[in-house]
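Reading the structure
Each chain is listed here by its residues.
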Amino acid sequence: MKFKSTVIAIITIAALPLFADTYTIDKSHSEATFQVRHLVSKVSGKFEDFDGKINIDPTKPAASTVEFTIEASTVNTGVADRDKHLRTADFFDADKFPEITFKSTSIKSSGKKDVYTVTGNLTMRGVTKQITFPVQFLGFIRDPWGNDKAGFSLATTLNRKDYGVNWNKALDNGGVLVSDEVDVAINIEAQKSK
């Protein structure tokens, strides 16, 4: 019986991605930004605090995984009053829903060099939706201090109403103050865990 358990344990370990490495986000060299149309212009913002990890299997990218967490209260558009409004229930409701999270469920080659189609669950304001977006792999490198790094970039467009972010104001001449579509860009430099 003990022999059988040992064999099962060995088979289980052998089935794990032996070549997967864990990379954590280097926040000082990464960013999570967004842009939304306001009247006749576009307003940009970012989140100051976020974290995540990427399990990379370079021999089998489809076996890789990614998890990403944003602290909603750290939204920063450069205007204190606007940021305060964005933290309220009209937008992110950061007191009730402090985190925006993404967890991948599949990673596939897009057919383009170094571009992968990543699918996963995005949760914001307590609403979870499956989304798919392209991620560009920017390469591996070792920095001057001996740290192994990996780079990734993505851009996608979200409809904020899908996540219950419905606040708006109608304009007298038609249209609304803020668009429903939000352009999101995330650039990541991640460091291999030792």
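Everything quoted here is computed from the prediction, not taken from an experiment. (Residues numbered from 1 in each chain as written. Predicted model: local features only at pLDDT ≥ 70, side-chain atom pairs only at ≥ 80, totals over all residues. Heavy atoms only, no water.)

Pairing between strand E2 (residues 31-38) and strand E3 (residues 41-47): six bridges, direction antiparallel. Its bridge partner lying in E3, Phe 34 is registered against Gly 45. Counting the residues in the hairpin turn of E2 and E3 gives two residues, including Leu 39, whose phi is positive at 55°. Relative to strand E6 (residues 75-76), E3 runs antiparallel, the two being bridged by two bridges. Bridging across to E6, Phe 47 finds its partner in Val 75. (Pairing = 2+ DSSP bridges. Helix = DSSP H or I, 4+ residues; strand = E, 2+ residues; numbered from the N terminus.)

Across soluble globular proteins, nonpolar side chains show a tendency to be buried alongside one another. Judged by nonpolar contacts, the single largest core of 41 residues is most densely connected at Phe 68, Phe 92, Ile 100, Phe 102, Phe 152 and Ile 188. Ranked by the residues each element gives to this core, the list is headed by strand E11 (residues 178-192), at six residues. When residues no more than four places from it in sequence are discounted, the contact partners of Phe 68 are Ile 25, Ala 32, Phe 50, Asp 51, Gly 52, Ile 100, Thr 101, Phe 102, Ile 186 and Ile 188. (Core = buried A, V, L, I, M, F, W, Y, C linked by side-chain atoms within 4.5 Å. Buried < 20%, exposed > 50% of the residue type's maximum accessible area, 1.4 Å probe, protein only. Contact = heavy atoms within 4.5 Å.)

This paragraph deals with the pairing of E11. Sheet topology note: the strand E1 (residues 21-25)/E11 ladder contains three bridges and is antiparallel. Residue pairing in the sheet places Tyr 23 in a bridge with Lys 192 of E11. Sheet topology note: the E2/E11 ladder contains seven bridges and is antiparallel. If you follow His 38 over to E11, its bridge partner there is Val 178. Pairing of strand E10 (residues 148-159) with E11 involves eleven bridges; the strand directions are antiparallel.

Let us now look at the confidence of the model for the chain. On average, the chain scores 91 in pLDDT, and the residues at 70 or more come to 90%. When mean pLDDT is compared element by element in the chain, E6 scores highest at 98, while helix H1 (residues 2-15) scores lowest at 48. Considering only residues more than four positions removed or in separate chains, one finds that residues 6-17, a stretch of pLDDT under 50, has two contacts. (pLDDT = per-residue confidence, 0-100.)

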